[in-house]
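# Topology and contacts: notes
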Amino acid sequence: MADKESSISGDTEVTVLGLGPMGTALAAAFLDKGRGLTVWNRTPAKADGLVARGARRADTVAEAVAASPVTIVCLNDYAAFHRVLDPVGAGALAGRTLVNLNSGTPAEARAAAAWADGRGVGYLDGAIMVPPVLVGRPESVLLYSGPREVFDRYEPTLGLLGDSRLLGADPGLAVLLNTALLGMMYATLNGFLHAAALAGSADMSATEFADLALGWFMPVVLSPASLAEQAPNLDKGAYPGDFGTMTMNLNALEHIARTSVEQGVHAELPALMRELAERAIAQGRGAENYFAMFEVFKTPGR
Ligand SMILES: NC(=O)c1ccc[n+]([C@@H]2O[C@H](COP(=O)([O-])OP(=O)(O)OC[C@H]3O[C@@H](n4cnc5c(N)ncnc54)[C@H](OP(=O)(O)O)[C@@H]3O)[C@@H](O)[C@H]2O)c1
């Protein structure tokens, strides 16, 4: 082990910078699959378990990046990315490839790609769509964006982490889709939790409510298939109100907001949804179906 720790010889296949819960899971997945691995973390002790399993510990970021053709960066955000990598000399970086997997915004991702370009560094941006415990499973999706040739070159390595999907050349795409999908996740979670609170206001347990909501309502009324069926209409901007209009839905949202107040549970979420439907109606969409909210969401709001 001591030999491995002391000899950074430039021949490991992959380096991981950042050993928080996610970086550690990425590094462990490479070790599980038998890849030669170099690791670096600001707090060195977090590498101990990986080093005990055969990873090489780099003492500096420059040493870590120089150790492998490709470095996976998994720090908490783009500010940390720059704090860690800006000071590294051009000599250590040139000709290497960075795959940056922290979350952030598309503008931050594009700025990081331009930063890398200016230093002769290959760059892919990415987003991990699963928690650390699922990293390394073939069905776990990781999104990437950047040049196709860089993705293709390192896909055999990236593929060890899960199902790698290149979205396109714009480096901002992976974090954009990450925020879109997480936004959907939080909206769904909040919808479920608010509904459970409403049911709980009449002493129904969350367990009993989950049975009703997830055993019947979601599968029948709001299944993935029913949403997928509507997607082509979103692309066409077609929202026929034959089976229900925005005005009818506003009525339902009004009742959810008022019931929340009556029952003494939080009412801001339904109030916001009501306000958004009112805005759609003010834009002349009262006779269209609820999916016309898509047109509201496509425009800037506060
Ligand atoms: N955990 C998840 O479930 C999950 C899922 C999907 C995506 N992600 C994304 O993966 C990224 C990493 O997440 P994480 O869960 O591993 O934990 P995290 O708390 O977001 O990141 C921790 C890592 O960032 C390092 N770091 C922070 N500021 C630094 C600085 N100024 N200089 C040097 N290093 C710095 C930490 O070093 P120290 O150890 O020295 O503090 C540690 O290695 C995040 O962008 C997160 O959004 C996480």
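Residues numbered from 1 in each chain as written. Predicted model: local features only at pLDDT ≥ 70, side-chain atom pairs only at ≥ 80, totals over all residues. Heavy atoms only, no water.

In the nomenclature of an unreviewed UniProt entry, the chain corresponds to NAD(P)-dependent oxidoreductase from the organism Actinomadura litoris. Per UniProt, the comment on the chain under Sequence similarities (unreviewed entry) is "Belongs to the HIBADH-related family." (UniProt positions renumbered as here; feature names shortened; annotations may be inferred.)

### Things to note about the site of the ligand
The environment of the ligand is formed by 21 residues, the closest being Met22, Asn41, Thr43, Lys46 and Ser103. Between an oxygen atom of the ligand and a main-chain N or O atom of leucine 19, the distance comes to 3.1 Å. Counting only elements with at least two residues in the shell around the ligand, the list comes to helix H2 (21-32) and helix H5 (78-85). Of the residues in the shell around the ligand, the class split is ten nonpolar, eight polar and three charged. (Near = heavy atom within 4 Å. Polar contact = N/O pair within 3.5 Å; in protein donor to acceptor, adjacent residues only side chain to side chain. Helix = DSSP H or I, 4+ residues; strand = E, 2+ residues; numbered from the N terminus. Nonpolar A, V, L, I, M, F, W, Y, C, P; charged D, E, K, R; others polar.)

### Thoughts on the pairing of strand S5 (residues 97-100)
The side chains of a regular strand alternate between both faces of the sheet. Here S5 shows no split at all, with Thr97 and Val99 on one side and Leu98 and Asn100 on the other all buried. Here four bridges tie strand S4 (residues 70-73) to S5, and the two strands are oriented parallel to one another. Considered in S5, the bridge of valine 73 is made with asparagine 100. Crossover connection from S5 via helix H7 (residues 106-117) to parallel strand S6 (residues 122-128): handedness right-handed. (Buried < 20%, exposed > 50% of the residue type's maximum accessible area, 1.4 Å probe, protein only. Pairing = 2+ DSSP bridges. Right-handed = clockwise from strand over helix to strand, strands pointing away.)

### Some details on the UniProt feature "domain: NADPH-dependent reductive aminase-like C-terminal" (unreviewed entry) in the chain
UniProt records the feature "domain: NADPH-dependent reductive aminase-like C-terminal" (unreviewed entry) for residues 170-298 in the present numbering. In this annotation, residues 170-298 is assigned 74% helix and 0% strand; the end-to-end C-alpha distance for the span is 20 Å.

### Focus on the nonpolar core
Ranked by internal contacts, the top residues of the largest apolar core, which has 35 residues, are Leu26, Leu37, Val39, Ile72, Ile128, Val135 and Tyr144. Elements supplying a minimum of two residues to this core: strand S1 (14-17), H2, strand S2 (37-40), helix H3 (48-52), S4, S6, strand S7 (141-145) and helix H8 (148-158). Among the nonpolar cores identified, the runner-up in size contains 25 residues, and Val73, Ala80, Phe81 and Trp115 belong to it. (Core = buried A, V, L, I, M, F, W, Y, C linked by side-chain atoms within 4.5 Å.)

### Let's talk about the pairing of S7
Judged by how many residues are buried, S7 sits mostly within the fold: five of five residues are covered. In S7, alternate side chains face the same way, and those of Val141, Leu143 and Ser145 on one face and Leu142 and Tyr144 on the other are all buried. Relative to S7, S6 runs antiparallel, the two sharing four bridges. Within S7, the residue paired with glycine 126 across the bridge is tyrosine 144. One ladder, built from four bridges, connects S7 with strand S8 (residues 163-166); its direction is parallel. Note that in S8 the partner of valine 141 across the bridge is aspartate 163. Following the chain from S7 across H8 to the adjacent parallel S8, one finds a crossover that is right-handed.

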